[in-house]
Amino acid sequence: MTAPSTVRAPRERVRLSPLLRLLILTQLAFNIGFFAVLPFLAEHLGGAVGMAGWMVGFVLGLRTFSQQGLFVVGGALADRYGVRPVVLAGCVLRIAGFGWLGYAGSAPAVVGAVLLIGFAAALFSPAVESEVARQAVAWEESGGGSRTRVLALFTVAGQAGAFVGPLLGALLLSVDFRAVCLAGAGVFVLVFAGHAWLLPQHIPGRVRVQVRGGIGPLLRNRRFLGLCCAYGAYLLAYNQLYLALPAEVERAAGSQAPLAWLFALSSLLVVTAQLPVTRWVGERLTLRRSMAAGLALIAAGFGAVAVAAPSGATGVTGLLPAAGFVVLLTLGQMLVAPAARAWVPDLAQEGRLGLYMGALSSVSGLIVLIGSAGTGTLLDSGLPTAVPWVVLAVVPAGAVLLLPRRG
C-alpha cells in the first residue's frame, strides 16, 4: 500500500490543504489544553478536595471511560451531522467541564465535571481523526504522497501538545489549580472561535448517513476487528509507561524521579524522529508490515527488561533496560499508530469513517481496561520480576497474528 508518489519524491516537502493544516493544528491545541490540566488532577483530588486514593483512581477511570468508551458515539454523530457541529459542541462541553472542575469542591461536582470533560473529547476527537484520515486518503490519491505522512504529522502535533501542556500547567499551578483549569478552558475557547470561523459548514466529498445501520456490518467486519484488537494490544503495551515502568524504575532507582526524564525522552523521540521514520518506512513497507514491525519492536522492549531483571541491577545500570524499553516502545509507536489510522479507511463501510475511527478507539480502550486490570494483578502477584515482562512481551508479539491480510 506504499504510494508511488512517495517513491518518486521522498524528500519533497509535505504541502497540505488549508483544511488539513487546520485539523492538525487542532490536535496540537486540544492536547495543550488537555495536558495543561490532566497531570495535576490526581494531586488536586487527593489534596485540595480530600478524596481517598481509591476514589481518585475511580474518578480518573471514569474520565477514561467517558472518553474512550464513547468515541464510537462521537464518530457516528460526525457521520450523521458532519464534522463542524460535533467539534463545536465538544469544545463547548470541554470549556464548561474545565470551568466546572476549577470550582468543584465536592466529590459529586468533580465526578460531573470529569464526565463532561471526557464526553467532550468523545465528540470532537473521532470527528477530527476521521476527517484527517479521509483527507489523508484524498491527498494520497491526488499524488501528494503516502497518507501515513499526514497521519504522522497528526501524531507529532498531538505529542508536541502533550509536551507543552504540562509546562503551561506547571507554570500556572504556582497560582492555583483553578487558574490551571481556566487556562485549559481558555485554550478551548480559542479552538472554538477558530473552528467557528475556519471550519467549513459542508466539506466536499463527505456524505452524511443515518446513525442506524452501521453497527451490524462493523461487528461482522472481521478484518477491521482484527485491526482493533492488534491496536488494542499496542495501546495496552503503551499504557505500561504508567503501570509497569514506574514499578521497574522504583525498583532500580529507589524512587520514581527518573520517570520524568524517561517520559521526556519518549516525547522528544516522537517530535524529532516521527516524520523521518514514517518517510523511511513508507518507501519500504506496507501498512501491515509497518504495524507488524512496530509490534515486534514493542515486544523486544518488554523482552529487554525481562532478560535484565534476574541480575537485579540498581542505579544507573539498573535503569538502562527501562530506558531501552522506552526507546523501543516509542519506535514501535511511530510505526503502529500512523499505519493503523491510515488502514481504517480501507476497511470502513462507505460514509461511516467516523464510526469506524471511533470504534477503533473504543474497542482498543476496552482491551486496555481489561488488560490493565490483569497487568496490575500480575505485578502484585509476587512472581519474579521477569515474569510480568515476559507475559507483556507476548501480547504485542501475538497481536501480529491478528493483523488482517490483504484479500
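Criteria and thresholds
Every chain is numbered independently, its residues counted from 1 as its sequence is written. Per-residue local features of the predicted model are confined to residues with pLDDT of at least 70, and side-chain atom pairs are confined, for both listing and counting, to 80 or more; whole-chain, interface and lining totals are unaffected and use all residues. Water and hydrogen atoms were dropped before computing side-chain values, which therefore reflect all heavy atoms in the structure. Helix and strand assignments come from DSSP, with helices taken as H or I runs of at least 4 residues and strands as E runs of at least 2, each series counted from the N terminus. The quantity called the radius of gyration is restricted to C-alpha atoms. Its globule counterpart is 2.2 Å times the number of residues to the power 0.38. The cut-offs for exposure are 20% and 50% of the maximum accessible area for each residue type, with area from a 1.4 Å probe on protein chains only; residues under the lower value are buried, those over the upper are exposed, and the others partly exposed. Whether two residues are in contact is decided by their heavy atoms, any of which lying within 4.5 Å being enough. Every accessible area reported is derived by Shrake-Rupley at a probe size of 1.4 Å, with residue values counting cover from the shown protein chains alone. Positive charges come from Lys and Arg, negative ones from Asp and Glu, while His and the chain ends are left out of the count. A single reference atom marks each charge: NZ on Lys, CZ on Arg, CG on Asp, CD on Glu. Across the chain, each position has a pLDDT score giving the predictor's confidence in that residue, from 0 to 100. Here, a salt bridge means any side-chain nitrogen of Lys or Arg that lies within 4 Å of a carboxyl oxygen of Asp or Glu. To qualify as a nonpolar core, a set must consist of buried Ala, Val, Leu, Ile, Met, Phe, Trp, Tyr and Cys residues joined through side-chain atoms within 4.5 Å. Ring pairs shown here join Phe, Tyr and Trp side chains whose ring centres sit within 6.5 Å, with only the six-membered ring taken for Trp; geometry is labelled stacked below 30 degrees between planes, edge-to-face above 60, and tilted in between. Note on geometry: a ring has a charge over it if NZ (lysine) or CZ (arginine) is within 6 Å of the ring centre and within 35 degrees of the ring normal. To define axes, lines are fitted to C-alpha atoms, for helices over the stretch in contact only, and angles between the resulting N-to-C directions are given on a 0 to 180 degree scale. The cut-offs work like this: below 35 degrees is roughly parallel, past 145 is roughly antiparallel, 65 to 115 is roughly perpendicular, and the gaps in between are oblique. Here is the rule for handedness: rotate from the far helix to the near one, and if that takes an anticlockwise turn smaller than a right angle the crossing is left-handed, while a clockwise turn gives right-handed. Each residue is assigned to one of three groups, with Ala, Val, Leu, Ile, Met, Phe, Trp, Tyr, Cys and Pro labelled nonpolar, Asp, Glu, Lys and Arg labelled charged, and all others, Gly among them, labelled polar. In this analysis, a patch consists of residues with relative accessible area above 30% that form no salt bridge, clustered at 9 Å for like charges and at 5 Å for the nonpolar side chains Val, Leu, Ile, Met, Phe, Trp and Tyr.

**Student:** Explain the overall build of the protein chain residue by residue, including any values.
**Tutor:** For the protein chain, the count of helices and strands is 17 helices and 0 strands. Taken against the 2.2 N^0.38 rule, which gives 22 Å for 407 residues, the C-alpha radius of gyration of the protein chain at 21 Å falls within 12% of a compact globule. The C-alpha extent of the protein chain, read off along each of the three principal axes, is 55 × 50 × 40 Å. A burial count over the protein chain gives 51% of its 407 residues as buried. In the protein chain, the share of contacts with a sequence separation of at least 24, taken over all contacts with a separation of at least 6, comes to 85%. For the protein chain, the exposed area adds up to about 17,400 Å²; of that, 67% sits on carbon and sulfur atoms. Counting 28 positive and 14 negative side-chain charges, the protein chain places the centres of these two groups 8 Å from one another.

**Student:** Now, about the confidence of the model for the protein chain: what can you tell me, with residues and values included?
**Tutor:** Averaged over all residues, the pLDDT of the protein chain is 83; the fraction at 70 or higher stands at 92%. Mean pLDDT values for the elements of the protein chain range from 40 in helix H1 (residues 4–8) up to 94 in helix H14 (residues 287–308). Throughout residues 1–12 the model reports pLDDT below 50, and contacts reaching past four residues in sequence, or to other chains, amount to 27 contacts.

**Student:** Hey, could you go over the pattern of salt bridges for me, with residue numbers and the actual values?
**Tutor:** Going through the model one piece at a time under the given rule, you end up with 4 salt bridges. With a shortest N-O distance of 2.9 Å, Glu140 and Arg147 are connected by a salt bridge. The pair formed by Glu140 and Arg147 is uniform in burial state, with each residue classed as buried. As a salt-bridge pair, Arg147 and Asp346 come within 3.3 Å of each other at their nearest N and O atoms. Here Arg147, found in helix H8 (residues 147–173), pairs with Asp346, found in helix H15 (residues 315–347); they are 199 residues apart in sequence, far enough to count as distant. Accessibility expressed as a relative area gives 8% for Arg147, which makes it buried.

**Student:** Could you give an account of the nonpolar core, naming the residues involved and the relevant values?
**Tutor:** Ranked by internal contacts, the top residues of the largest apolar core, which has 105 residues, are Leu101, Val110, Phe224, Leu245 and Phe325. In terms of residues, this core owes the most to one element, helix H7 (residues 107–141), which gives 16 residues. Excluding anything up to four places from it in sequence, Leu245 contacts Gln240, Leu259, Leu262, Phe263, Ala322, Phe325, Val326 and Trp389.

**Student:** Which residues make up the environment of Leu241, and what are the values?
**Tutor:** If you trace the backbone, Leu241 turns up in the loop between helix H11 (222–238) and helix H12 (244–253). Note on Leu241: relative accessible area 2%, which makes it buried. It is 10 Å that separates the C-alpha atoms of Leu241 and Thr330, two residues lying 89 residues apart in sequence. Dropping the residues within four chain positions of it, Leu241 is found in contact with Pro246, Phe263, Phe325, Val326 and Leu329.

**Student:** Help me get a handle on the packing of aromatic side chains, residues and values and all.
**Tutor:** Evaluation of the coordinates by the stated rule reveals 11 aromatic pairs. Plain terms: the ring middles of Tyr231 and Tyr234 are 5.3 Å apart, the flat faces sit at 50° to each other, and that makes the pair tilted. Highlighted residues: Tyr231 and Tyr234, both in helix H11, separated by 3 residues, approximately one helical turn. Looking at Tyr231, the relative accessible area reads 7%, which means it is buried. Residue classification places Tyr234 among the buried residues on the basis of a relative accessible area of 4%. Relative to Tyr238, the ring of Tyr234 lies with its centre 6.2 Å away and its plane at 45°, an arrangement referred to as tilted. A residue pair is termed a helical-turn pair when its members lie 3 or 4 positions apart in one helix, as Tyr234 and Tyr238 do in helix H11 at 4 residues. Each member of the pair, Tyr234 together with Tyr238, is buried. By the ring-pair criterion, three or more aromatic residues cluster together here, those being Phe30, Phe98, Phe124 and Phe188. Seen from the ring of Tyr81, Arg80 lies directly overhead, with NZ or CZ sitting 5.1 Å from the centre.

**Student:** Let's hear about the packing of H11 against H14: which residues, and what values?
**Tutor:** Each packed pair of helices is defined by two parameters, the angle between the axes and the distance between the axes. Remark: H11 packs on H14, axes separated minimally by 11 Å, with the N-to-C direction vectors making an angle of 30°. As judged from the angle between their axes, H11 and H14 are roughly parallel. In this structure, the crossing between H11 and H14 has a hand that is left-handed. Contacts from Leu227, Ala230, Tyr234 and Ala237 in H11 reach Met291, Leu295, Ile298 and Phe302 in H14. When grouped by side-chain class, the residues that make up the contact of H11 with H14 number 8 nonpolar, no polar and no charged.

**Student:** Tell me about the side chain of Arg94, and name the residues and values.
**Tutor:** By secondary structure assignment, the location of Arg94 is in helix H6 (residues 83–103). Although Arg94 is buried, it makes no salt bridge; Glu129 carries the closest opposite charge, 11 Å away. Among residues more than four places away in sequence, those in contact with Arg94 are Phe34, Gln67, Ile117, Ala120, Ala121, Phe124 and Phe188.

**Student:** How would you explain the packing of H6 against helix H9 (residues 177–198) if you had to name every residue and give the values?
**Tutor:** The interhelical angle for the contact between H6 and H9, taken along N-to-C directions, is 165°, at an axis separation of 8 Å. Between H6 and H9, the interaxial angle falls into the category roughly antiparallel. Between H6 and H9 the crossing geometry is left-handed. Between H6 and H9, the contacting residues are Arg84, Val87, Leu88, Cys91, Val92, Arg94, Ile95, Phe98, Gly99, Leu101, Gly102 and Tyr103 on the first element and Phe177, Arg178, Cys181, Leu182, Gly184, Ala185, Phe188, Val189, Val191, Phe192, His195 and Ala196 on the second.

**Student:** How would you explain a nonpolar patch on the surface if you had to name every residue and give the values?
**Tutor:** Where nonpolar side chains cluster on the molecular surface, the patch consists of Phe163, Val164 and Leu167 and spans about 270 Å² of accessible area. Of note, Phe163 is situated in helix H8.

**Student:** Give me the lowdown on the environment of Ala52, citing residues and values where you can.
**Tutor:** Inspection of the secondary structure assignment puts Ala52 in the loop between helix H3 (41–46) and helix H4 (53–68). Residue Ala52 is classed as partly exposed on the basis of its relative accessible area, which comes to 37%. Taking the C-alpha atoms as reference points, Ala52 and Trp197, separated by 145 residues in sequence, lie 44 Å from one another.

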